[in-house]
Amino acid sequence: MVTRRRLLLLLFILLAVVLSAALARWRMHAWDRPQVVALYPISADGLPATEAYLQRLDGAAFDALQDFFAAEAARHGLALAQPFRFELGRRMVKQPPAPPSQAGPLAAISWSLRMRWWAWRETPATSPVPDVRLYLMFHAPSRETQRLPHSVGLQKGRLGLAHLFASPAQQGSNQVVIAHELLHTFGASDKYDGASLQPRPPEGYAEPERFPPLPQLKAELMAGRIPLSETESRIPAGLGETLVGERSAREIGWRR
Ligand SMILES: [Zn+2]
């Protein structure tokens, strides 16, 4: 009797989890209110230069993101004027779990679960409760380490890890990285070739209809680069050189 009751309880919990996940997915693409995005700055390297940058960092550094998404949403015909509201969260001291060193789905799942657990413990829901949590890992710019670790945006758990340069001169490209990872948390897929990093036509081109198609003038946000030729591309200087393509707009529910 006890076993059957326990089984029923388990089934009920499972049903509740499945239903709430489906509801969350539906709510995520409803776009009936601005989605609150909390940004949590973290010093990735503990260097004094990074520390100095973080002490001067304020919410105004992210205003361009709000305006960019408002303009792009309007261009895609979304009725909601302000799809995102960005809030600068508290400065974090603890580092998130290190991403998996080896490739493979199991390592990725394990890291994703540890990351969600870490986010839940370290940044408990406050008022307003954020819809998305993005952890901004700042690195002091130096000639030796110009390549940053790979940034990640997870749809499950609605969180992302963005690796950025602790430098005002890099603010534009930092914003592009944040915007890219944010759309991953809404289900947008990458639109570049994993090996060559070249944008994949047509969906990875900002203006696929342009003739001749190359060079493009802007980057599609989820392709991340402006294709100049079949083999060359460059990183956009900022959101002004970036737009959300039609395919990405569909994936995040801005277009039906
Ligand atoms: Zn990506």
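Rules behind the numbers
- Residues numbered from 1 in each chain as written.
- Predicted model: local features only at pLDDT ≥ 70, side-chain atom pairs only at ≥ 80, totals over all residues.
- Heavy atoms only, no water.
- Helix = DSSP H or I, 4+ residues; strand = E, 2+ residues; numbered from the N terminus.
- Rg over C-alpha atoms; globule rule 2.2 N^0.38 Å.
- Buried < 20%, exposed > 50% of the residue type's maximum accessible area, 1.4 Å probe, protein only.
- Contact = heavy atoms within 4.5 Å.
- Areas by Shrake-Rupley, 256 points an atom, 1.4 Å probe, with all protein chains shown as cover.
- Lys, Arg positive; Asp, Glu negative; His and termini not counted.
- Charge placed at Lys NZ, Arg CZ, Asp CG, Glu CD.
- Pairing = 2+ DSSP bridges.
- Expected span 1.5 Å × (residues − 1).
- Arc of directions from axis to C-beta.
- Donors = N, O, S within 2.8 Å, 3.2 Å for Na, K, Ca; no water.
- Salt bridge = Lys/Arg side-chain N within 4 Å of Asp/Glu carboxyl O.
- Core = buried A, V, L, I, M, F, W, Y, C linked by side-chain atoms within 4.5 Å.
- Domains from an automatic or database assignment.
- Patch = residues over 30% accessible without salt bridge, like charges linked within 9 Å, V, L, I, M, F, W, Y side chains within 5 Å.
- 1 Å grid on protein atoms, 1.4 Å probe; cavity = no way out; pocket = protein on both sides within 12 Å on 5 of 7 lines; lining within 4 Å.
- Points joined across faces, edges and corners; volume = space filled by probe spheres on them.
- Nonpolar A, V, L, I, M, F, W, Y, C, P; charged D, E, K, R; others polar.

K.L.:
Go over the overall build of the chain, please, and point to the residues and values.
P.N.:
A count of helical and extended segments in the chain gives six helices and nine strands. In terms of overall size, the chain behaves like a compact globule, its C-alpha atoms giving a radius of gyration of 20 Å where 256 residues would be expected to give roughly 18 Å. Of all 256 residues assigned to the chain, the portion counted as buried reaches 43%. When contacts within the chain are restricted to residue pairs at least 6 apart in sequence, long-range pairs at least 24 apart make up 68% of them. Accessible surface, the chain as shown: approximately 14300 Å² in total, 60% of it carbon and sulfur. Separation between the mean location of the 30 positive side-chain charges and that of the 23 negative ones in the chain comes to 11 Å.

K.L.:
Break down the pairing of strand β5 (residues 159-165) for me, citing the residues and quoting the values.
P.N.:
Of all seven residues making up β5, seven are buried, and the element is well covered by its neighbours. Burial along β5 is two-sided: Leu159, Leu161, His163 and Phe165 facing one way and Gly160, Ala162 and Leu164 facing the other are all buried. By the bridge criterion, seven bridges tie strand β3 (residues 132-139) to β5 in an arrangement that is parallel. From the neighbouring strand, Leu134 faces β5, where its bridge partner is Gly160. Looking at chain direction, strand β4 (residues 152-154) and β5 are connected through three bridges and run antiparallel. Along β5, the bridge assignment pairs Leu154 with Leu159.

K.L.:
If you had to explain helix α4 (residues 105-122) to someone new, which residues and values would you point to?
P.N.:
The terminal C-alpha atoms of α4, which comprises 18 residues, lie 25 Å apart, in line with the 26 Å expected from a rise of 1.5 Å per residue. For α4, the set of buried residues is Ala107, Trp111, Ser112, Met115, Trp118, Ala119 and Glu122. Looking straight down α4, one finds that the buried residues subtend no more than 130° of arc, so they occupy a single side. Turned more than 90 degrees away from the buried face of α4 sit Pro105, Leu106, Ile109, Leu113, Trp120 and Arg121, all of them exposed. Contacts made by the buried residues of α4 are with β1 (35-43), β3, β4 and β5.

K.L.:
Before we move on, can you summarise the coordination of the zinc ion with the specific residues and values?
P.N.:
Around the zinc ion, the protein contributes the donor atoms His180 (NE2), His184 (NE2) and Asp190 (OD), which lie 2.1 Å from the metal centre. Coordination of the zinc ion draws on donor residues from a single chain, spaced H-x3-H-x5-D in sequence. Here His180 pairs with His184, and both are found in helix α5 (residues 171-184), just four residues apart, close to one helical turn.

K.L.:
Go over the pattern of salt bridges, please, and point to the residues and values.
P.N.:
Counting across every chain of the model gives twelve salt bridges. In this structure, Glu72 and Arg75 form a salt bridge, with 2.8 Å as the shortest nitrogen-oxygen distance. Residue Glu72 and its partner Arg75 are both found in helix α3 (residues 63-75); the two are separated by three residues, about one turn of the helix. Accessibility expressed as a relative area gives 45% for Arg75, which makes it partly exposed. A salt bridge links Arg85 to Glu87; the nearest nitrogen and oxygen atoms lie 3.1 Å apart. We classify Arg85 as partly exposed; its relative accessible area is 34%. By relative accessible area, Glu87 is classed as partly exposed at 28%. Taken together, the salt bridges that share partners define one network made up of Lys191, Arg200, Glu203, Arg247 and Glu251.

K.L.:
Which residues make up the nonpolar core, and what are the values?
P.N.:
Counting 38 residues, the largest nonpolar core has Phe69, Phe84, Leu136, Leu182, Leu183, Leu221 and Trp254 as the members making the most contacts within it. Secondary structure elements with two or more residues in this core: β1, α2 (48-56), α3, β2 (84-88), β3, β5 and α5. A per-element tally of this core places α5 first, with five residues. Inspection of this core shows a minimum of three residues originating in each of domain 1 (33-187) and domain 2 (190-256). Apart from the residues lying within four places of it in its own chain, the contact partners of Trp254 are Trp31, Phe69, Glu72, Ala73, His76, Leu78, Pro83, Phe84, Val244 and Ala249.

K.L.:
For a nonpolar patch on the surface, give the residues involved together with the corresponding values.
P.N.:
The grouping of Leu7, Leu8, Leu11, Leu14 and Val18 at the surface amounts to a nonpolar patch, some 510 Å² of accessible area in total. Along the chain, Leu8 falls in helix α1 (residues 2-28).

K.L.:
An account of empty space enclosed by the protein is needed here, citing residue identities and associated values.
P.N.:
Here the idea is plain: a probe the size of a water molecule rolls over the atoms and shows the empty space left. Taken as a whole and judged by the stated rule, the model has one cavity of 30 Å³ or more. The space that makes up the largest cavity amounts to roughly 40 Å³. In terms of lining residues, the largest cavity is bounded by Tyr53, Leu57, Ala61, Phe62, Phe138, Leu164, Gln171 and Asn174. Here the residues of the lining of the largest cavity are counted per class, giving six nonpolar, two polar and no charged.

K.L.:
I'd like to hear about α2, residue by residue, with values.
P.N.:
All buried positions along α2 are accounted for by Thr50, Tyr53 and Leu54. The arc that holds the buried residues of α2, viewed along the axis, is 95°, so those residues lie on one side. Turned more than 90 degrees from where α2 packs its buried face, Pro48, Gln55 and Arg56 sit exposed. Those residues of α2 that are buried lie in contact with β1, β3, β5 and α5.

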